[in-house]
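# Structural description and commentary
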Amino acid sequence: MEAEKEKKVRVRLAPSPTGTLHIGTARVALFNYLFAKKQQGVFILRIEDTDAARSEDRFEKNIIEGLRWLGIEWDEGVISDQGQSYIGDYGPYKQSERTEIYLKYIKKLLDKDKAYYCFCSQEELKAKKEYQMSIGQPPHYDEKCKQLTAEEIEKNIAEGKRFTIRFKTPLKKIAFNDLVRGKVEFDTNLIDDFTIAKGSKENITPLFHLAVVVDDQEMEISHVIRGEDHISNTPKQILLQEALEFPRPEYAHLPLILGPDKSKLSKRHGAVAISEYQQQGYLPETMINFMAFLGWNPGGEKEIYSLASLIEEFSLDGVHKGGAIFNMQRLDFLNAFYIRKKPLMELTELCLPYLLSSGLIKKTDDIVWLSKIIQAYQERLKKLSEIPELVDFFFQEIEYDKELLRWKGMTDEDIRKTLDKTEEVLEKIEPEDFNKENLQNIIMAEAEAIGAGDRGKLLWPLRAALTGKKASAGPFEIMEILGKEKTMERIKKAKALFK
Ligand code: GLU
């Protein structure tokens, strides 16, 4: 037990670069990261690209960039975007570059008679599978090639036949203690002789389970923390460990993330890629805080957690067994919270790409002026991508919808009169005194007088004239940002509708 305690914590995220960084994978990364940091352990990024046909560099790049954006740093693993270099002493950390290592263990399994060559063709296997299913049996390999003699094998290989190498699954019960789910048992009679490699005379490619097991051993992984969708892989991997006489790491399978309808979260429910959330203008702080609560809860009321405070609080004991429901409202609530907390200039910088790509601003626009616009909207913003639509009126001429300027029960004449009055009052204010406080004092007094108890009579047409919108920030800060000249222009233009 003591020795167990002292064992260095080494955990890994082992994504297959067959798609963009999924929020489920990012959550697995976060839990591994927190678990490692809490115990001064090591967090490793290993790229599992044994499936060459489906693995792509662009996905590897997306995964790396996504993790970096989230601030989930790894201590060992692939670091360059092309995956050409690594940090750490256990490399390479990319499976396609570790073939020699796997071949050594595949040979060992063959030599120990724990694996065998299989020459059954895909068509043959498919036909057998279909037959088994038609008679109500679960599909499984019928072990046809298990008895091949050494001569037959040699001959087949020499003839250039393609083969797989299958693991000889022993009949037994496998039990392991899952740190989330407790005791988990499997009967291996449900597992057939699964493939661990495929190849031909020219080369051999290791397959998923073999590569995972060898890497976890070679990289001295102490805890395998991964999604529950991998739980059925665990008995196969344990069998391989036993056959190779590897120690067994601890296992923790995290609950699945479910959509609001309680089915597994998928594209159908909305964005699943971290890069999509990034594009929509969710902040990394939001994503971290949000993902931490997908299947974990520290207990208590507190719901705002930074990465640092999560490290302090995190424990696998707080991970739930049941599926974690993805709550979009909570995500938006958290994002609005972190946006409100952002220092203004930082938030302005974050909004720039959205404003630039919408064509509203140019790179050369005055950043201090822009920051005033952002400040006026900081309280209202739920995601950064909303900013162009909220603030476009600062940059563009307004095409008014006349009816939008009308406050309850006002006639055209009423509107023209209040706009006239507003114009007259504003005209007297010097451009240098056109600031929020001053404008507020003067206009509010006027609104009281004009509205006779209903300030909306002045304020609504004014705000609508300034923005052309149903909802916006308050008129005083908008006037300050627009400046006197623009403000007067807009009021005149709006007034012209009510001649
Ligand atoms: N490569 C696997 C995946 O991307 C993960 C394997 C593991 O965590 O053991 O789903």
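Throughout what follows, the structure given in this document is the object of discussion. What you are looking at is a predicted structure, and each value in this text was computed from that prediction instead of being measured. Chains are numbered independently. Their residues run from 1 in the order of the written sequence. Reporting in this predicted model follows two pLDDT cut-offs: at least 70 for local features of residues, and 80 or more for side-chain atom pairs to be given and counted; totals over whole chains, interfaces and linings ignore these cut-offs and use all residues. Side-chain figures throughout are based on the complete set of non-hydrogen atoms in the structure, without hydrogens or water.

## Considerations on the pattern of salt bridges
In plain terms, the rule: Here, a salt bridge means any side-chain nitrogen of Lys or Arg that lies within 4 Å of a carboxyl oxygen of Asp or Glu. For the purposes of this entry, the term helix denotes a DSSP run of H or I that reaches at least four residues, the term strand denotes a run of E that reaches at least two, and both are numbered from the N terminus. Here the term buried applies to any residue with accessible area under 20% of the maximum for its type, exposed to any over 50%, and partly exposed to those in between, with areas from a 1.4 Å probe on protein chains only.
Using the criterion set out here, one finds 44 salt bridges in the structure. The salt bridge involving Asp-216 is made with Arg-46; its shortest N-O contact spans 2.9 Å. Of this pair, Asp-216 sits in helix α7 (residues 208–218) while Arg-46 sits in the loop between β2 (42–45) and α3 (57–70), placing them 170 residues apart in sequence. With relative accessibility at 5%, the residue Asp-216 sits in the buried group. A salt bridge links Lys-421 to Glu-424; its shortest N-O distance comes to 3.5 Å. Taken together, the positions of Lys-421 and Glu-424, both in helix α16 (residues 412–427) and three residues apart, correspond to about one turn of that helix. For Lys-421, a relative accessible area of 28% corresponds to the partly exposed category.

## As for unusual backbone geometry
Put simply, Gly-91 and Pro-92 share a cis peptide bond, and its omega is -5°. Of note, Pro-92 is situated in the loop between β4 (86–87) and α4 (99–111). Even without being glycine, Asp-113 reaches a positive phi, approximately 60°. On the secondary structure map, Asp-113 appears in the loop between α4 and β5 (115–118). A positive phi angle, close to 60°, is found at Glu-245, a residue other than glycine. Mapped onto the elements of the fold, Glu-245 is located in the loop between α8 (234–243) and β12 (250–254).

## Digging into the sheet that holds strand β9 (residues 195–199)
What counts, and what does not: A pair of strands is labelled paired if DSSP reports no fewer than 2 bridges between them. Axis lines are fitted through C-alpha atoms, for helices just across the contact stretch, and the angle between N-to-C directions can take any value from 0 to 180 degrees.
Spatial ordering of the open sheet is given by β5-β6-β9-β10, a layout of four strands whose pairing is antiparallel. The open sheet has two edge strands, β5 and β10 (204–206), and neither has a second partner. Here the average twist between neighbouring strands, direction ignored, is 25°. In the sheet, β9 pairs with β10 via three bridges, with the strands oriented antiparallel. The partner of Ala-197 across the bridge, within β10, is Pro-206.

## Considering the site of the ligand
Note the following rule: By convention in this text, a residue qualifies as near a molecule or strand provided that one of its non-hydrogen atoms is within 4 Å of it. Each polar contact in these results corresponds to two N or O atoms within 3.5 Å; when the atoms are within protein, one needs to be able to donate a hydrogen and the other to accept it, and residues that are neighboring in sequence are counted only if both atoms are side-chain atoms. Only the protein chains shown count as cover for residues, and all accessible areas are computed by the Shrake-Rupley method using a 1.4 Å probe. Asp, Glu, Lys and Arg are counted as charged, while Ala, Val, Leu, Ile, Met, Phe, Trp, Tyr, Cys and Pro are counted as nonpolar; the rest, among them Gly, fall into the polar class.
The local shell around the ligand consists of Arg-12, Ala-14, Pro-15, Ser-16, Glu-48, Phe-208, Val-212, Arg-226 and His-230. Contacts to the ligand include Arg-12, whose side-chain N or O atom sits 2.8 Å from an oxygen atom. In this structure, a nitrogen atom belonging to the ligand sits 2.6 Å away from a side-chain N or O atom of Glu-48. Contact with the protein chains covers 80% of the free accessible surface of the ligand, which is 300 Å². Classifying every residue of the shell around the ligand by side-chain character gives four nonpolar, two polar and three charged.

## Concerning the packing of aromatic side chains
How we decide: Note on ring pairs: Phe, Tyr and Trp rings are taken, using the six-membered ring of Trp, and paired if centres are within 6.5 Å. Classes follow the plane angle, with under 30 degrees stacked, over 60 edge-to-face and the rest tilted. Each ring is checked for a lysine NZ or an arginine CZ that lies within 6 Å of its centre and within 35 degrees of its normal; such an atom marks a charge sitting over the ring.
With the rule as written, the count across this model stands at 20 aromatic pairs. Judged by centre distance (5.6 Å) and plane angle (40°), the ring pair of Trp-296 and Phe-314 falls under tilted. Of this pair, Trp-296 sits in the loop between α10 (284–292) and α11 (307–313) while Phe-314 sits in the loop between α11 and β14 (324–325), placing them 18 residues apart in sequence. Each member of the aromatic cluster is reached from another via a ring pair, and the members are Phe-31, Phe-293, Trp-296, Tyr-305 and Phe-314. Over the ring of Tyr-90 we find Arg-10; its NZ or CZ atom is 3.8 Å from the centre of that ring. Looking at Arg-166, its charged tip hangs above the ring of Tyr-141, at a distance of 3.6 Å from the centre.

## With respect to the state of the cysteines
Put simply, the rule reads: By convention in this document, the label disulfide applies to cysteine sulfur atom pairs within 2.5 Å.
According to the stated counting rule, one finds zero disulfides in the structure shown. The structure places no disulfide on Cys-145, whose sulfur is separated from the nearest cysteine sulfur, that of Cys-120, by 3.7 Å. In this structure Cys-145 comes out as buried when scored by relative accessible area, which is 5%.

## Digging into the side chain of Ser-222
Where we set the bar: Pairs of residues are marked as contacts when any of their non-hydrogen atoms sit within 4.5 Å.
Inspection of the secondary structure assignment puts Ser-222 in the loop between α7 and β11 (223–227). Here His-223 takes part through its side chain, which lies 2.8 Å from a polar atom of the side chain of Ser-222. In this structure, Ser-222 is in contact with Lys-7, Lys-8, Val-9, Arg-10, Pro-249 and Glu-250, ignoring residues within four places of it in sequence.

## A word on the environment of Leu-190
Counting through the fold element by element, Leu-190 comes out in the loop between β8 (182–187) and β9. Taking C-alpha positions, Leu-190 is 9.9 Å from Thr-169, a pair spaced 21 residues apart along the chain.

## Some remarks on helix α13 (residues 344–357)
Rules: Helix span, expected: 1.5 Å multiplied by one less than the number of residues in the helix. A residue's bend is the angle separating two fitted axes: one through the seven residues that end there, the other through the seven that start there.
Helix length check: α13, at 14 residues, gives a terminal C-alpha distance of 20 Å against a target of 20 Å (1.5 Å per residue), a fit within 8%. Along its length, α13 reaches its greatest deviation from straightness, about 35°, at Cys-351, and the proline Pro-353 lies no more than four positions downstream. Within the span of α13, buried status applies to Leu-347, Thr-348, Cys-351, Leu-352, Tyr-354 and Leu-355. Of the residues trailing α13, Gly-359 is marked for its positive phi of about 85°.

## Focus on the pairing of β12
Note the following rule: By definition, the crossover connecting two strands over a helix is right-handed if that path, from the first strand to the second, turns clockwise as seen with the strands pointing away from the viewer.
Burial analysis of β12 places four of its five residues in the buried class, which makes it a mostly covered element. Where β11 and β12 come together, five bridges link them in parallel fashion. Looking across to β12, one finds that Gly-227 is bridged to Leu-254. Taken together, β11, α8 and β12 form a β-α-β motif whose crossover is right-handed.

## Comments concerning the packing of α16 against helix α19 (residues 475–495)
What counts, and what does not: Handedness of a crossing is defined here by the sense of rotation of the near helix relative to the far one, left-handed for an anticlockwise turn of less than a right angle and right-handed for a clockwise turn.
At a minimum axis separation of 10 Å, α16 and α19 run at an interaxial angle of 145°. The chirality of how α16 crosses α19 is left-handed. Here Arg-416, Leu-419, Asp-420, Glu-423, Leu-426 and Glu-427 of α16 come into contact with α19, specifically with Met-479, Lys-484, Thr-487, Met-488, Ile-491, Lys-492, Ala-494 and Lys-495. Of the residues in the contact of α16 with α19, the class split is six nonpolar, one polar and seven charged.

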